[in-house]
Amino acid sequence: EPEVTQTPSHQVTQMGQEVILRCVPISNHLYFYWYRQILGQKVEFLVSFYNNEISEKSEIFDDQFSVERPDGSNFTLKIRSTKLEDSAMYFCASSTETQYFGPGTRLLVL
Amino acid sequence: QKEVEQDPGPLSVPEGAIVSLNCTYSNSAFQYFMWYRQYSRKGPELLMYTYSSGNKEDGRFTAQVDKSSKYISLFIRDSQPSDSATYLCAMSAGGGTSYGKLTFGQGTILTVHP
């Protein structure tokens, strides 16, 4: 069964560093999303992406965040200058209709 | 008022029990309603989805949506220890041919003990 994959599974970084989280969506899906889940809190929407552009973003998704689909298979989330509060689980999802989630990348900012 | 409210539990039931999980919401624009299951430190796994009001059944799982009350439920019959997980409700207003941005509840932690 096709699935969304994410790399790395864990990432530890220093505050102020840039990180890139990678996702490979399900191959025939057209819509791509990033969500995050801070430990013990709700899953929160960050951004949706369709037809090579952002279709919607939340107030969390500020100028420090960017997304890109650099080729036909990958979908990336970049955090330019990480803060302590960016520590969370980051989930990629893809859909035609219903959204299927990847296993997540656990980001720890020290 | 929070957009989506879900009792975080925890909920502990014996094997074989019927489990009822619920969410309320305030945004009248929500049309698509989903239930996800999440195991510890894993991604949400889609269980069921419904559009607008009504019931949907899939094996031991039944999803109900009452838009007039802004209330959705998931019932699990003959619960098994393998059902132990966090159950997340999620909903969206939809957009184009995609269900769009999902708004999640807090999640209910369920433990089914043998």
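The text that follows walks through the structure, step by step, so that each part is easy to find. Per chain, residue numbering runs from 1 following the sequence as it is written. Starting at A for chains and at 1 for ligands, labels are handed out in the order in which the entities are written. Local features are withheld for residues below a pLDDT of 70 in this predicted model, meaning they are given only at 70 or higher, and side-chain atom pairs are given and counted only at 80 or more; totals for whole chains, interfaces and linings count all residues. By convention in this description, side-chain values take in all heavy atoms of the structure and omit both hydrogens and water.

## What about empty space enclosed by the protein?
A water-sized probe, rolled over the atoms, reveals where empty space remains. Residue and element names in this part refer to chain B. Think of a 1 Å grid over just the protein atoms. A cavity is a set of points where a 1.4 Å probe fits yet cannot get out, a pocket is an open set with protein on both sides within 12 Å along at least five of seven lines, and lining residues have an atom within 4 Å of a point. Grid points are joined across faces, edges and corners, and a volume is the space filled by probe spheres set on the points. Taken as a whole, this structure holds one cavity of 30 Å³ or more when the rule is applied. Of the volumes computed, that of the largest cavity is approximately 30 Å³. Together, Phe 33, Trp 35, Met 48, Tyr 49, Thr 50, Ala 63, Gln 64, Val 65, Ile 72 and Ser 73 line the largest cavity. Comment: elements are numbered from the N terminus, with helices defined as DSSP H or I runs of at least four residues and strands as E runs of at least two. Counting only elements with at least two residues in the lining of the largest cavity, the list comes to β4 (32-38), β5 (45-51), β7 (61-66) and β8 (71-76).

## A closer look at the sheet that holds β8 of chain B
Residue and element names in this part refer to chain B. Being paired, for any two strands, means DSSP has found at least two bridges between them. Strand order in this open sheet of five strands is β1-β3-β8-β7-β6, and the pairing throughout is antiparallel. With partners counted over all chains shown, the strands left at the sheet margins are β1 (4-6) and β6 (54-58), one partner each. Looking at each pair of strands side by side, their axes are set apart by 15° on average, direction ignored. Lines fitted to C-alpha atoms define the axes here, with helix axes fitted over just the stretch in contact, and angles between the N-to-C directions of these axes take values from 0 to 180 degrees.

## As for the interface of chain B and chain A
Two residues form a contact once any of their heavy atoms are found within 4.5 Å. Contacts between chain B and chain A engage 19 residues on the former and 22 residues on the latter. A quick way to say it: buried area is the sum, across both parts, of accessible area lost when two parts are put together, with a 1.4 Å probe. Roughly 1800 Å² of surface becomes buried between chain B and chain A when both sides are summed, with 53% attributable to carbon and sulfur atoms. For the chain B face of the interface with chain A, the top three residues by lost area are Arg 41, Lys 101 and Phe 104 of chain B, together amounting to 28%. Residue assignment for the side of chain B that touches chain A shows that the elements contributing at least two residues are β4 and β5 of chain B. Of the residues belonging to the side of chain B that touches chain A, the class tally is nine nonpolar, seven polar and three charged. Residues are sorted three ways: Asp, Glu, Lys and Arg are charged, Ala, Val, Leu, Ile, Met, Phe, Trp, Tyr, Cys and Pro are nonpolar, and all the rest, Gly among them, are polar.

## Quick look at the packing of aromatic side chains
Ring pairs shown here join Phe, Tyr and Trp side chains whose ring centres sit within 6.5 Å, with only the six-membered ring taken for Trp; geometry is labelled stacked below 30 degrees between planes, edge-to-face above 60, and tilted in between. Enumeration over the complete set of coordinates arrives at 16 aromatic pairs over all chains. With a centroid separation of 5.9 Å and an interplanar angle of 85°, the aromatic rings of Tyr 35 of chain A and Phe 104 of chain B are classed as edge-to-face. Within this pair, whereas Tyr 35 of chain A is found in strand β4 (residues 31-37), its partner Phe 104 of chain B is found in strand β10 (residues 103-104), the two belonging to separate chains. Think of it in three bands: with a 1.4 Å probe and only protein chains considered, a residue is buried below 20% of the maximum accessible area for its type, exposed above 50%, and partly exposed in between. We classify Phe 104 of chain B as buried; its relative accessible area is 1%. Judged by centre distance (6.4 Å) and plane angle (80°), the rings of Phe 91 of chain A and Phe 101 of chain A are edge-to-face. Placement of Phe 91 of chain A in strand β9 (residues 88-95) and of Phe 101 of chain A in strand β10 (residues 99-101) is noted, with a sequence separation of ten residues between them. Using a relative accessible area of 10% as the deciding quantity, one classes Phe 101 of chain A as buried. Here the aromatic cluster, defined as three or more aromatic residues joined through ring pairs, consists of Tyr 33, Tyr 35, Phe 45, Phe 91 and Phe 101 of chain A together with Tyr 36 and Phe 104 of chain B. Here, over-ring charges are defined by two tests on the NZ atom of lysine or the CZ atom of arginine: distance to the ring centre within 6 Å, and angle to the ring normal within 35 degrees. The positively charged end of Lys 56 of chain B is found above the aromatic ring belonging to Tyr 49 of chain B, 4.0 Å away from the centroid.

## Thoughts on the layout of surface pockets
There is about 490 Å³ of room inside the largest pocket. Along the walls of the largest pocket sit 21 residues, with Glu 3, Tyr 100 and Phe 101 of chain A together with Pro 44 and Glu 45 of chain B positioned nearest its centre. Of all the secondary structure elements, the ones that give two or more residues to the lining of the largest pocket are β10 of chain A together with β4 and β5 of chain B. A total of four residues in the lining of the largest pocket trace back to one element, the largest contributor, which is β5 of chain B. Classifying every residue of the lining of the largest pocket gives twelve nonpolar, four polar and five charged. There is about 410 Å³ of room inside the second largest pocket. Every residue lining the second largest pocket is counted, 21 residues in all, and those nearest its centre are Gln 37, Gly 40 and Gln 41 of chain A together with Gln 38 and Thr 86 of chain B. For the lining of the second largest pocket, the elements supplying multiple residues, two or more each, are β9 of chain A together with β9 (85-92) of chain B. Considered class by class, the residues forming the lining of the second largest pocket number nine nonpolar, nine polar and three charged.

## Quick word on the side chain of Thr 50 of chain B
Tracing the backbone through its elements, the reader meets Thr 50 of chain B in strand β5. For Thr 50 of chain B, the residues in contact, after removing those within four places along its chain, are Gln 31, Tyr 32, Phe 33, Lys 56, Ala 63 and Val 65 of chain B.

## Remarks on the state of the cysteines
Two cysteine sulfur atoms form a disulfide, by the criterion used here, when they sit within 2.5 Å. Inspection of the entire model under this criterion finds two disulfides over all chains. Bridging Cys 23 of chain A to Cys 92 of chain A, the disulfide has an S-S length of 1.9 Å. Classification of the bridge connecting Cys 23 of chain A and Cys 92 of chain A rests on its S-S torsion, roughly -65°, and on that basis the disulfide is left-handed. Residue Cys 23 of chain A is located in strand β3 (residues 19-24), and its partner Cys 92 of chain A is located in strand β9; the two are separated by 69 residues in the primary sequence. Residue classification places Cys 23 of chain A among the buried residues on the basis of a relative accessible area of 0%. Its relative accessible area of 0% is what places Cys 92 of chain A among the buried residues. Each sulfur in the disulfide pair Cys 23 of chain B and Cys 89 of chain B lies 2.0 Å from the other.

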